[in-house]
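The primary structure of each chain is shown beneath.
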Amino acid sequence: RGSVAAMAMRPVHLATLIEKQRVDIENALSNNTYIVYNNAVDCSNNALRQALVIEECDVDVARDNDATRAQVYNLDNPFEEGTFRYVAKGVYTSGNRAGEECVCKWFKTGVVFEDWYFEKDLEVVDKAIEFIDEFNQAGIIDVHVRVNRPEIWRFRQGERRAGQRHLIEPFIPNFEKFNSNSGWNEPNTEIQRAMQALSHFSYHVSGGRFVLCDLQGGLVKNGAEVVLTDPVILSYNRSFGSMDLGKEGIGSFFSRHVCNEFCQGHWSKPRDVRSRVQNHRGTSMLTPDSQHCQPVQEQPNHLPNVHWAQPAEQPSHLPIVRPSHLPVVRMAYSAEEDEMGADDW
């Protein structure tokens, strides 16, 4: 249920995770296959708890790629762009989502801390999964809430962008923006007010430490589900990247929040609700001096030369530990591909 206490009935020990990883690696080496780990998980207690939380709730909340290869279009003329990243549309070509549309996001040339931004993106999604799972289980709304969980892939060898890392995630139809990390919101429809209540809920259940916001996505399955993407976590110690506006952001968010029919009277609010961040529909980020916030180009309202992409191996500087519930993805090659040799791909 998004809490460590809820894991008591399903104990998983660190030694078990390490042993599982060792067996996976040995099997892969003996079979000449590749292992792609969905996330590199640190062996610290906090990271282990995070892995357990994700194991419990990601089946119902996380919307994964569930694919091993994709075809991405118009990389030289991206459909949208933000301050740091370009966005292009594509289609999965192998795996359980083969034939479905996807979105490719990659950083612009000159972004110095690309690896850091990738890691922060994934950390934010993992934290969002916790809050969304608790929100769903509380039964506050009838619509089931999910969030896209992107993966780091690379453009394959032979492409002009060979080896370049990017994020891949499923495409979301009916795209709309529900609120921003500065507190902007548009409470005209029931789903917009429900997502605003989700942000308030995240502050309450975290004991006032976090706010899940910058919520955007679309209704799917005839309105039975809403799928979110690119959320932001505000925290008191600014631990979730450049879009985390800290305690000033939390106060600014609640200065513009009006409780609606989905909020509950006992949910807590911060005492300091002064507006210190300018109100923007788009996402705001911290400037390099970490003292001022500025708007960035907001996410596209819809995400519609061919390049091929496939899952990336984890960076060598990160520990390779995989929670036991995550699948080992083994890349299968055709006879023609196999003659080229794995190094060519």
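Heads up: the structure comes first, above all this text.
No experiment lies behind these values; they were computed from the predicted model shown. (Residues numbered from 1 in each chain as written. Predicted model: local features only at pLDDT ≥ 70, side-chain atom pairs only at ≥ 80, totals over all residues. Heavy atoms only, no water.)

Participant: I'd like a rundown of helix α5 (residues 246-255), residues and numbers included.
Facilitator: Of all ten residues in α5, seven are buried, a share of seventy percent or more. Considered for burial, the residues of α5 that qualify are Gly246, Gly249, Ile250, Gly251, Ser252, Phe253 and Phe254. (Buried < 20%, exposed > 50% of the residue type's maximum accessible area, 1.4 Å probe, protein only. Helix = DSSP H or I, 4+ residues; strand = E, 2+ residues; numbered from the N terminus.)

Participant: Residues and numbers for the pairing of strand β5 (residues 101-107), please.
Facilitator: Extensive coverage of β5 is indicated by the burial of six of its seven residues. The hairpin turn running from strand β4 (residues 85-95) into β5, its antiparallel successor, is five residues long, and Gly99 in that turn takes a positive phi close to 95°. Pairing geometry for β5 and strand β8 (residues 165-170), over four bridges, is antiparallel. Its bridge partner being in β8, Val103 is matched across the sheet by Glu169. (Pairing = 2+ DSSP bridges.)

Participant: Before we move on, can you summarise helix α4 (residues 190-205) with the specific residues and values?
Facilitator: If you check α4, its first and last C-alpha atoms are 22 Å apart, about what 16 residues at 1.5 Å a residue would give, namely 22 Å. Looking one or two residues beyond α4, the residue adopting positive phi is Gly207, at roughly 70°. (Expected span 1.5 Å × (residues − 1).)

Participant: Tell me about the sheet that holds strand β1 (residues 62-63), and please be specific about residues and values.
Facilitator: Ordered by their spatial adjacency, five strands build an open sheet running β1-β6-β12-β11-β9, and the pairing between neighbours is mixed. At either margin of the open sheet sits one strand with a lone partner, and together these are β1 and β9 (175-177). Both strand β6 (residues 144-148) and strand β12 (residues 225-228) contribute to a ladder of four bridges, which runs parallel. Paired with Arg146 across the bridge in β12 is Val227. Together, β6, β9, β11 (216-220) and β12 form the strand contacts of α4, whose direction differs from that of β12 by roughly 55°. (Contact = heavy atoms within 4.5 Å. Axes fitted to C-alpha atoms, helices over the stretch in contact; angles between N-to-C directions.)

Participant: With reference to specific residues and values, describe the environment of Ser199.
Facilitator: Along the chain, Ser199 turns up in helix α4. As a C-alpha pair, Ser199 and Ile233 span 34 residues in sequence and 9.6 Å in three-dimensional space. Contact partners of Ser199, with chain neighbours within four places excluded, come to Asn179, Val211, Leu212, Cys213, Leu215 and Phe253.

Participant: Describe unusual backbone geometry, with residues and values.
Facilitator: For Asn174, which is not a glycine, the phi torsion comes out positive at approximately 55°. Looking at the element boundaries, Asn174 is found in the loop between β8 and β9. We classify Asn174 as exposed; its relative accessible area is 55%. Residue Lys221 is not a glycine yet carries a positive backbone phi of 55°. Turning to its location among the elements, Lys221 is positioned in the loop between β11 and β12. Classification of Lys221 by relative accessible area gives exposed; the value is 57%.

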